[in-house]
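# Examining the three-dimensional arrangement
One letter stands for each residue in the lines below.
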Amino acid sequence: MTATPPPAPRIVPSVLPADFSRFGEACQALEKAGVDRLQFDVMDGRFVPNLTFGADVIASLRSWVDIPFEAHLMIEEPDLLAPAFVQAGCELVIIHAEATRHLHRSLGVIRDAGGRAAVAINPATPVEAVANVLDLVDLVLVMTVNPGFGGQAYIATMEPKIRRMRTLIEESGRAIDLEVDGGIGPATIAGASAAGADVFIAGTALFRDPEGLEHAVSDLRRRAVEARA
Ligand code: DX5
């Protein structure tokens, strides 16, 4: 089977480093900088040792920009809240394979609510954990840090795992995005891209670029493309 090349790299900011007191303006600045969509890191203080925001906050931001929203639910028992994030305006909802006893059913809850479903796996979780639900997802997120905080170091040992995930996706014959999240920046995006990722979540690298958001987005995108050559 000839491998179909993955789609063009997409740069998606994590809004975690944004100034939450000016959240709407931060979203507008990211849209202006040319990002492909926005990722909202939802944390419940149980699945991860941090707490962020819920669906109401995301709903309040929907009218500020036009680009799509995705919610990365780092929460226990996601079935209960996932539909609220679809209603809040997230076209894609990502849940963790480790956060639900019945992953197949939980992904169905998102789809029944009208959202596109996606699954994330932590660094210690093998790709096989999602092999049996690829027919239900539009995206798989391979974490390159342990979830909970921005600004952590990229775990380069995830690159063979990204390659295995890319192989599983190709074998499925389905158009599934392969997203990576955590420590993605100028020094690390090439490795993740060469391994087969095509959607890149970046927080610190975008917000901390001395040349500004626009430069950070275009620079990361260029590096991701060049790494495939
Ligand atoms: C981890 C978070 C971070 C964030 C991006 O739970 O999901 O990965 O989105 O963090 P940076 O890009 O700052 O490493």
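For the structure, see preceding data.
Worth saying up front: this structure is predicted, and the values here are computed from it rather than measured.

### Describing the packing of aromatic side chains
- This structure, assessed with the given rule, holds six aromatic pairs.
- A centroid spacing of 4.7 Å and a plane angle of 20° characterise the contact between Phe-20 and Phe-23, whose relative ring orientation is stacked.
- According to the relative accessible area criterion, Phe-20 is partly exposed, its value standing at 40%.
- An aromatic cluster of at least three residues, connected via ring pairs, comprises Phe-20, Phe-23, Phe-40, Phe-53 and Phe-69.
- Positioned above the aromatic ring of Phe-69 is the side chain of Arg-62, whose terminal nitrogen or guanidinium carbon lies 3.8 Å from the ring centre.

### Structural notes on the site of the ligand
- Near the ligand there are 17 residues, and of these Gly-148, Asp-181, Gly-183, Gly-203 and Thr-204 occur at the shortest range.
- Within the contact set of the ligand, an oxygen atom lies 2.8 Å away from a side-chain nitrogen or oxygen of Asp-41.
- Between the ligand and the protein, one listed contact pairs an oxygen atom with a side-chain N or O atom of Asp-181 at 2.5 Å.
- Against a free-state accessible area of 370 Å², the protein chains account for coverage of 99% of the ligand.
- Secondary-structure elements contributing two or more residues to the shell around the ligand are β2 (38–43) and β8 (199–202).
- When grouped by side-chain class, the residues that make up the shell around the ligand number seven nonpolar, eight polar and two charged.

### Section: the pairing of strand β1 (residues 10–13)
- Residue alternation in β1 divides its side chains into two sets, Arg-10 and Val-12 and Ile-11 and Pro-13, and both sets are buried.
- Sheet topology places β1 next to β8; four bridges connect them, and they run parallel. Its bridge partner lying in β8, Arg-10 is registered against Val-199.

### Considering unusual backbone geometry
- A positive phi angle, near 45°, is found at Glu-77, a position not held by glycine.
- Relative to the assigned elements, Glu-77 resides in the loop between β3 (69–74) and α3 (82–87).

Thresholds, definitions, all that
- Residues numbered from 1 in each chain as written.
- Predicted model: local features only at pLDDT ≥ 70, side-chain atom pairs only at ≥ 80, totals over all residues.
- Heavy atoms only, no water.
- Phe/Tyr/Trp six-rings, centres within 6.5 Å; stacked < 30°, edge-to-face > 60°.
- Buried < 20%, exposed > 50% of the residue type's maximum accessible area, 1.4 Å probe, protein only.
- Lys NZ or Arg CZ within 6 Å of the ring centre and 35° of its normal.
- Near = heavy atom within 4 Å.
- Polar contact = N/O pair within 3.5 Å; in protein donor to acceptor, adjacent residues only side chain to side chain.
- Areas by Shrake-Rupley, 256 points an atom, 1.4 Å probe, with all protein chains shown as cover.
- Helix = DSSP H or I, 4+ residues; strand = E, 2+ residues; numbered from the N terminus.
- Nonpolar A, V, L, I, M, F, W, Y, C, P; charged D, E, K, R; others polar.
- Pairing = 2+ DSSP bridges.

So, to be careful, I would describe these as geometric facts and stop short of saying anything about function.
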